[in-house]
Amino acid sequence: MSAHASSAAATWRVGGTEIACLVDGGGRFGADVFPSADDETRAARLAAAGLEAIDTVYNAYLLRHDDGGIDLVDTGCGTAFGDAGGALAGQLAAFGIAPAQVNRLIMTHLHGDHAGGGTRDGAAVFPEAELVLHAAELPRWQGVDAPGGRLLAAMAGRIRTVADGEDLGRDLRSWHLPGHTPGHMGLRFGEDLVLVADILHSEAMQLPDPACASRYDDDAATATRTRLAALEEIVTRGLLWSGSHMLGPGKFARLTRDAGGYRRIAP
Ligand SMILES: [Zn+2]
C-alpha cells in the first residue's frame, strides 16, 4: 500500500484497487446539529481542532480496479444544495473518467449530500452503472421527493441490494452501519482499510466524545452504538479509514485513543 498524489485528489492503493477521494463540495453545520454539546463544549472542541465553525466537506470515492472495473462510492450533493457542491464531475474528468464508464454506483446511504450528484433534472448521471445499496435503505427512500428517492427512480431496474458483509468482488465487502439511516453502510477493503461514511459528521465534535450524536441521525441511539463499535474496531485492529465528511487534504488516516475518546493520526 502506498499513498501518492494524483489529479490533486488524495489516493490510496489497497490490493488491486486505487481509491481516490473526490471532494464534491462543502459547507458548515449549524450549532444545532450536535444538540448534546453546549456552546462552551462546542467552542472548546472547535478550538482544539483549529476550526472556527463546524466545517464539513462532501467526500465521494473513485475506485479504479486493476481489472479495469470502475466503481464510484457516493456522488456528493451535485446541484441539490445549490452551489455548495457539484465538483465531482470535474474531478472524475481529471482522472479521465466519463460518467458512462462507471460500472457500479455504490451508495453508503441516500442522504442528499451523497445522492444528489446521481441525478440531474431527474435523469441518471451515470447511465451505465448498477446501483448498489443496503437492502434497508430502499424502503427508507422509495417514493420520497428527495435526492435519494429521485436516484432510486432514475436507476430503477438496475438496483442491487446487499446485506451486511456481502462480497462485492475485488476484495471489497459491505459493512452495515445502521442508525444514521436504516441501510447506512461502509465498505471494507480486504483486512486493511475501511470507509465509514457518516458514522462521523464532525471529527472535531465527535472523536473526543463518540457519544455525541448528530441530529441527522435517523436513530441517534443506534447510530451512537454503531459509531462506538466501529471506532473501537478501527483502533483495535489498527485499520486505515476514511469518512464522508473527513476534512483536510489527507483523506486516509488511522485512529488512536485519546482521553476517553479518539484522535485521528497520520497513516
Ligand atoms: Zn448522511
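Residues numbered from 1 in each chain as written. Predicted model: local features only at pLDDT ≥ 70, side-chain atom pairs only at ≥ 80, totals over all residues. Heavy atoms only, no water.

This part is about the overall build of the protein chain. Helix and strand counts for the protein chain come out as seven helices and 16 strands. Relative to its length of 267 residues, the protein chain is compact, with a C-alpha radius of gyration of 17 Å against a globular reference of 18 Å. Overall, the protein chain is about 50 × 40 × 35 Å in size when its C-alpha atoms are taken along their principal axes. Across the 267 residues in the protein chain, those meeting the buried criterion constitute 52%. Within the protein chain, counting contacts between residues at least 6 apart in sequence, those at least 24 apart form 66% of the total. Summed over its atoms, the accessible surface of the protein chain is roughly 10500 Å², and 51% of this surface lies on carbon and sulfur atoms. Of note, the protein chain has its 23 positive side-chain charges centred 2 Å away from the centre of its 34 negative side-chain charges. (Helix = DSSP H or I, 4+ residues; strand = E, 2+ residues; numbered from the N terminus. Rg over C-alpha atoms; globule rule 2.2 N^0.38 Å. Buried < 20%, exposed > 50% of the residue type's maximum accessible area, 1.4 Å probe, protein only. Contact = heavy atoms within 4.5 Å. Areas by Shrake-Rupley, 256 points an atom, 1.4 Å probe, with all protein chains shown as cover. Lys, Arg positive; Asp, Glu negative; His and termini not counted. Charge placed at Lys NZ, Arg CZ, Asp CG, Glu CD.)

Glancing now at the coordination of the zinc ion. Around the zinc ion, the donor atoms from the protein are His109 (NE2), His111 (ND1), His180 (NE2) and Asp198 (OD), and they sit 2.1 to 2.3 Å away. In this structure, the zinc ion is coordinated by four donor atoms arranged in irregular fashion, with angles at the metal of 85 to 175°. Classification of His111 as buried rests on a relative accessible area of 14%. (Donors = N, O, S within 2.8 Å, 3.2 Å for Na, K, Ca; no water. Tetrahedral: all angles 85-135°; square planar, octahedral: opposite > 155°, others 65-115°.)

Ordered by their spatial adjacency, four strands build an open sheet running S11-S12-S13-S14, and the pairing between neighbours is mixed. Since the sheet does not close on itself, it has two edges, and those belong to strand S11 (172–176) and strand S14 (240–242), each with one partner. Neighbouring strand axes in the sheet, compared pairwise and without regard to direction, differ in orientation by 25° on average. Where S11 meets strand S12 (residues 185–189), five bridges bridge the pair, whose relative direction is antiparallel. Each bridged residue has a counterpart across the sheet, and for Trp175 the counterpart in S12 is Gly186. (Pairing = 2+ DSSP bridges. Axes fitted to C-alpha atoms, helices over the stretch in contact; angles between N-to-C directions.)

A full pass over the atoms with the stated rule returns three aromatic pairs. Pairing Tyr58 with Phe81 gives two aromatic rings, centres 5.9 Å apart and planes at 70°, and the pair type is edge-to-face. Here Tyr58, found in strand S4 (residues 54–65), pairs with Phe81, found in the loop between strand S5 (70–73) and helix H2 (88–94); they are 23 residues apart in sequence, far enough to count as distant. Looking at Tyr58, the relative accessible area reads 8%, which means it is buried. Using a relative accessible area of 37% as the deciding quantity, one classes Phe81 as partly exposed. (Phe/Tyr/Trp six-rings, centres within 6.5 Å; stacked < 30°, edge-to-face > 60°.)

Here we come to the confidence of the model for the protein chain. Low-confidence regions, as indicated by low pLDDT, have predicted coordinates that should not be scrutinised in detail. Within the protein chain, residue pLDDT values average 95, and 97% of them lie at 70 or more. Low pLDDT, under 50, characterises residues 1–7; the stretch is placed with 17 contacts to residues that sit more than four places away or in other chains. (pLDDT = per-residue confidence, 0-100.)

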